[in-house]
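Summary of the model geometry
So you can see what is in the structure, the chains are spelled out below.
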Amino acid sequence: MTGGRWLLRAASLGAALLLWQGLTSLDVNLWLRFEQFPTVGEIASTFAERAGTAPYWQDLASSLRRIVTGFALAAVLGVVVGTAVARSRIAADVVGPLLEVLRPVPAIALVPVAILMFPSNEQGIVFITCAAAFFPVLVSTRHAVRALAPVWEEAVLTMGGGRARVLFSVVLPGALPGIFGGLSVGIGVSWICVISAEMISGEYGVGYRTWQDYTVVDYPGVFVGMVTIGALGWLTSTAVEHTGRRLTSWLPRSAVSSSPAPAPAPAPGNGERAARRTAPQGTTTGGTQK
């Protein structure tokens, strides 16, 4: 990314912070009420205080551990099940209807199920996080695999390759762009659900601490939690997208090479064409036998 783009992004963020500071410091109350909001300075001061304490980093580590564990499980299961449903009619008939029934259910609605099924809140939150990311990955993988052109698979089979070779050399590499599209969506949905689950049944975590700050009317602490959640979500989403670009670097880019195209070979002259027409079959124009 060029320096100009970084400067533009930093200026956009700075302008938003200046607007926030102005609206809250002046207690603007025009339909939207900013008089109860903490200023940017108050939030920054509270953030600096909490960043120097152990509980803040413990909450951050707990949320990261839950999101990484749940998202990794969802990524593996989503790719495996999505590929199976797209490639196998039996899997589509047996597993497909069950998945379509469960897919509209919000992951956060599974909190009572997680409380009943798992012996600890930690396992239940990981389960909810996994369920949140599983369906975006599943759907994107299924569509990406079904959209592959059959000519590549037929070429591998013609050359003697088996099903495993087709899967790992054609299907999965060809579906990678669609898979990473689902992973990018899934990581965002995972953060929404893990924070919500921590607010409901967590003991540690950024979501748990943010809700505790709200119950004691510590609004600067609430916004510190929101900023932390936003930063963690941005970092993890950026990591997923960067990994996707690295693994799909073999894809053709829109940029056109600036190297000149090779000049076409000159057409044969009249004498050469006449010699070719009069030469006997099986000989060259110089009379040498093939």
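In case you missed it, the structure is sitting above this.
So, here's what we can say about the structure. (Residues numbered from 1 in each chain as written. Predicted model: local features only at pLDDT ≥ 70, side-chain atom pairs only at ≥ 80, totals over all residues. Heavy atoms only, no water.)

1. Quick word on the pattern of salt bridges
- Counting across every chain of the model gives 9 salt bridges.
- With a shortest N-O distance of 2.5 Å, aspartate 213 and arginine 50 are connected by a salt bridge. Residue aspartate 213 is found in helix α10 (residues 206-215), and its partner arginine 50 is found in helix α2 (residues 40-51); the two are separated by 163 residues along the sequence.
- Where glutamate 122 meets arginine 65, a salt bridge forms, and the shortest distance between an N and an O atom there is 3.3 Å. Linking glutamate 122 in helix α7 (residues 121-146) with arginine 65 in helix α3 (residues 54-87), this pair joins segments that are 57 residues apart in sequence.
- Residue glutamate 122 is classed as partly exposed on the basis of its relative accessible area of 27%. (Salt bridge = Lys/Arg side-chain N within 4 Å of Asp/Glu carboxyl O. Helix = DSSP H or I, 4+ residues; strand = E, 2+ residues; numbered from the N terminus. Buried < 20%, exposed > 50% of the residue type's maximum accessible area, 1.4 Å probe, protein only.)

2. Description of the nonpolar core
- The biggest cluster of nonpolar side chains holds 45 residues, and the ones touching the most others in it are Ile128, Leu183 and Trp191.
- The dominant element in this core, judged by the number of residues it contributes, is helix α9 (residues 163-201), at 14 residues.
- Apart from residues lying up to four places away in sequence, leucine 183 is in contact with Phe71, Ala75, Val137 and Val240. (Core = buried A, V, L, I, M, F, W, Y, C linked by side-chain atoms within 4.5 Å. Contact = heavy atoms within 4.5 Å.)

3. Regarding the packing of α2 against helix α11 (residues 219-247)
- Running from amino to carboxyl end, α2 crosses α11 at an angle of 75°, the nearest separation of the two axes being 9 Å. Overall, the two elements α2 and α11 adopt an arrangement that is roughly perpendicular. Residues Glu42, Ile43, Thr46, Phe47 and Arg50 of α2 lie in contact with α11, whose contacting residues are Pro220, Gly221, Phe223, Val224 and Thr228.
- Its residues assigned to classes, the contact of α2 with α11 comprises 5 nonpolar, 3 polar and 2 charged. (Axes fitted to C-alpha atoms, helices over the stretch in contact; angles between N-to-C directions. Parallel < 35°, antiparallel > 145°, perpendicular 65-115°, else oblique. Nonpolar A, V, L, I, M, F, W, Y, C, P; charged D, E, K, R; others polar.)

4. Considering the side chain of glutamate 198
- Mapped onto the fold, glutamate 198 is located in helix α9.
- What makes glutamate 198 buried here is its relative accessible area of 0%.
- A polar side-chain atom of glutamate 198 sits 2.8 Å from the main-chain amide nitrogen of glycine 207.
- In this structure glutamate 198 touches Ser63, Arg66, Ile125, Tyr204, Gly205, Val206, Gly207 and Tyr208, once residues within four positions along its chain are discounted. (Polar contact = N/O pair within 3.5 Å; in protein donor to acceptor, adjacent residues only side chain to side chain.)

5. A closer look at the layout of surface pockets
- In this model, the largest pocket occupies a volume close to 480 Å³.
- Of all the elements, helix α1 (residues 3-25) adds the most residues to the lining of the largest pocket, at 7 residues.
- Its volume calculated, the second largest pocket comes out at about 360 Å³.
- Taken together, 18 residues line the second largest pocket, and the ones lying closest to its centre are Leu110, Ala131, Ala132, Phe134 and Phe135.
- Top element by residues in the lining of the second largest pocket is α7. It accounts for 7 residues.
- By residue class, the composition of the lining of the second largest pocket is 17 nonpolar, no polar and 1 charged. (1 Å grid on protein atoms, 1.4 Å probe; cavity = no way out; pocket = protein on both sides within 12 Å on 5 of 7 lines; lining within 4 Å. Points joined across faces, edges and corners; volume = space filled by probe spheres on them.)

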